[in-house]
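Spelled out, the chains give:
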Amino acid sequence: MAPKSKKKRPPVIAVDGPAASGKGTIARALAKHFALPFMDTGLLYRAVALNLWRWGGDPGDEFEALRACGELGFDLADPELRSEPVSVIASRISAYPSVRAALLDRQQEFARQPGGAVLDGRDIGTVIAPEAEVKLFVTASPEVRAVRRLKELEQRGMHAHYDDVLADIHARDDRDSTREAAPLRPAADAIVLDTSDLDVDAAIAEAVRLTEERLAKSWRTNRTNLG
Ligand code: DC
């Protein structure tokens, strides 16, 4: 049998959480800090949604949504990926088990690459990479997330009302966490990071601290197991 290496393996870091919790910003910052490749898995669901929208397909029809997974070429810089209609369609089609299954391999291949990875989404710690060394579940109150989303929309030159944005956040949370296929929930071994009272820098600093702490623990456990 080949001798087991005691070298530190580049880690997999799973970052899950609801919309506008700060998970994307935190995941990107962790990828930079630990020099790991990064995947925003929400973009895959958004790409399917955008395909479907452009074809005039029905988001209420699972078969049509699955067809929209077929040719998944997409331009990450396409501003339509972040538009409100696409966000709403993405939330709807992500409830379909066949759509989730169609996007699974791509995400798992990314998570299993030898150089480690950071992925952000809703089910990274529970379904895509349950073996991840670090699992963060980033959250914030719906009210704080609504204010953040409103600012984001304003920066993109779009106007919206706080009450509408808050209602949309509640609706999306409800859809994402009550669906049967891979609902949004923290993995049993996830660290919950509430960013409601933290600004961006403080949230990133806390995420880095928690990740380093968890990695040190995981490396200690590996060393003990390897004898
Ligand atoms: O993270 P986001 O807002 O870009 O995600 C868009 C939608 O995709 C969101 O409503 C939930 C869904 N999603 C998912 O179900 N699983 C993931 N791993 C990532 C996103």
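Quantities reported herein were computed from a predicted structural model and do not represent experimental measurements.

Thresholds, definitions, all that
Residues numbered from 1 in each chain as written. Predicted model: local features only at pLDDT ≥ 70, side-chain atom pairs only at ≥ 80, totals over all residues. Heavy atoms only, no water. Near = heavy atom within 4 Å. Polar contact = N/O pair within 3.5 Å; in protein donor to acceptor, adjacent residues only side chain to side chain. Areas by Shrake-Rupley, 256 points an atom, 1.4 Å probe, with all protein chains shown as cover. 1 Å grid on protein atoms, 1.4 Å probe; cavity = no way out; pocket = protein on both sides within 12 Å on 5 of 7 lines; lining within 4 Å. Sits in = over half its atoms within 2 Å of the grid points. Helix = DSSP H or I, 4+ residues; strand = E, 2+ residues; numbered from the N terminus. Nonpolar A, V, L, I, M, F, W, Y, C, P; charged D, E, K, R; others polar. Pairing = 2+ DSSP bridges. Axes fitted to C-alpha atoms, helices over the stretch in contact; angles between N-to-C directions. Buried < 20%, exposed > 50% of the residue type's maximum accessible area, 1.4 Å probe, protein only. Points joined across faces, edges and corners; volume = space filled by probe spheres on them. Salt bridge = Lys/Arg side-chain N within 4 Å of Asp/Glu carboxyl O. Parallel < 35°, antiparallel > 145°, perpendicular 65-115°, else oblique. Contact = heavy atoms within 4.5 Å.

Caption draft 1: Structural context of the site of the ligand. Around the ligand there are 15 residues in total, and Arg46, Arg100, Arg122, Asp123 and Arg179 lie nearest to it. Contact distances for the ligand include 3.3 Å between an oxygen atom and a side-chain N or O atom of Lys23. One of the side-chain N or O atoms of Asp123 is found 2.9 Å from a nitrogen atom in the ligand. Coverage of the ligand by the protein chains reaches 97% of its 440 Å² of free accessible surface. According to the grid-proximity analysis, the pocket containing the ligand is the largest pocket. Among the secondary structure elements, those contributing two or more residues to the shell around the ligand are helix 2 (42-55), helix 4 (84-93) and helix 8 (162-178). Looking at which element gives the most residues to the shell around the ligand, the answer is helix 2, with three residues. Broken down by class, the residue content of the shell around the ligand amounts to two nonpolar, five polar and eight charged.

Caption draft 2: Local environment of the sheet that holds strand 5 (residues 191-194). Spatial strand order, 2-3-1-4-5: five strands in an open sheet with parallel pairing. Every other strand in the sheet has two partners, leaving strand 2 (38-40) and strand 5 as the edge strands with one partner each. When the angles between neighbouring strand axes are averaged without regard to direction, this sheet yields 20°. Both strand 2 and strand 3 (residues 117-121) contribute to a ladder of three bridges, which runs parallel.

Caption draft 3: Broad picture of unusual backbone geometry. Positive phi, close to 60°, is recorded for Ala20, a residue that is not glycine. Within the fold, Ala20 resides in the loop between strand 1 (12-16) and helix 1 (23-33). In this structure Ala20 comes out as buried when scored by relative accessible area, which is 14%. The phi angle at Ala35 is positive, at roughly 50°, despite the residue not being glycine. Mapped onto the elements of the fold, Ala35 is located in the loop between helix 1 and strand 2. Judged by its relative accessible area of 66%, Ala35 falls in the exposed class.

Caption draft 4: The layout of surface pockets, seen in detail. Of the voids in this model, the largest pocket is the one considered here, and its volume is about 1,000 Å³. If you go around the largest pocket, you meet 39 residues; those closest to its centre are Ala20, Lys23, Gly24, Arg149 and Glu152. Put simply, the parts of the chain that give the lining of the largest pocket at least two residues each are helix 1, helix 2, helix 4, strand 3, helix 7 (142-155), helix 8 and helix 9 (200-226). The greatest single-element share of the lining of the largest pocket, amounting to five residues, is contributed by helix 1. Looking at the lining of the largest pocket residue by residue, the classes come out as nine nonpolar, 11 polar and 19 charged. What lines the second largest pocket is a set of 20 residues, and nearest its centre among them are Arg9, Glu131, Ala132, Glu133 and Ser218. Take the lining of the second largest pocket: its biggest share by element is six residues, from helix 9. By residue class, the composition of the lining of the second largest pocket is six nonpolar, six polar and eight charged.

Caption draft 5: Here's a closer look at the pattern of salt bridges. All told, the structure shown has 15 salt bridges when counted by the stated rule. A salt bridge links Glu133 to Arg9, with the nearest nitrogen and oxygen atoms 2.7 Å apart. One end of the pair, Glu133, is in the loop between helix 6 (124-128) and strand 4 (134-139); the other, Arg9, is in the segment before strand 1, and 124 residues separate them in sequence. Glu133 sits in the buried class, given a relative accessible area of 13%. In this structure, Asp173 and Arg145 form a salt bridge, with 2.5 Å as the shortest nitrogen-oxygen distance.

Caption draft 6: Main features of the packing of helix 4 against helix 8. Their axes nearest at 9 Å, the elements helix 4 and helix 8 cross at an angle of 25°. Regarding the angle of helix 4 to helix 8, the classification is roughly parallel. On helix 8, the residues that touch Glu84, Ser87, Val88, Ser91 and Arg92 of helix 4 are Asp168, Arg172, Arg175 and Asp176.

Caption draft 7: Representation of the side chain of Ser196 within the structure. Along the chain, the position of Ser196 falls in the loop between strand 5 and helix 9. Here Ser141 takes part through its backbone nitrogen, which lies 2.9 Å from a polar atom of the side chain of Ser196. In terms of polar contacts, Ser196 uses its side chain to reach the side chain of Asp194, at 2.6 Å. Excluding residues within four positions of it along the chain, Ser196 makes contact with Thr139, Ala140, Ser141, Val144 and Arg148.

Geometric descriptors of this kind do not, in isolation, establish any biological role.
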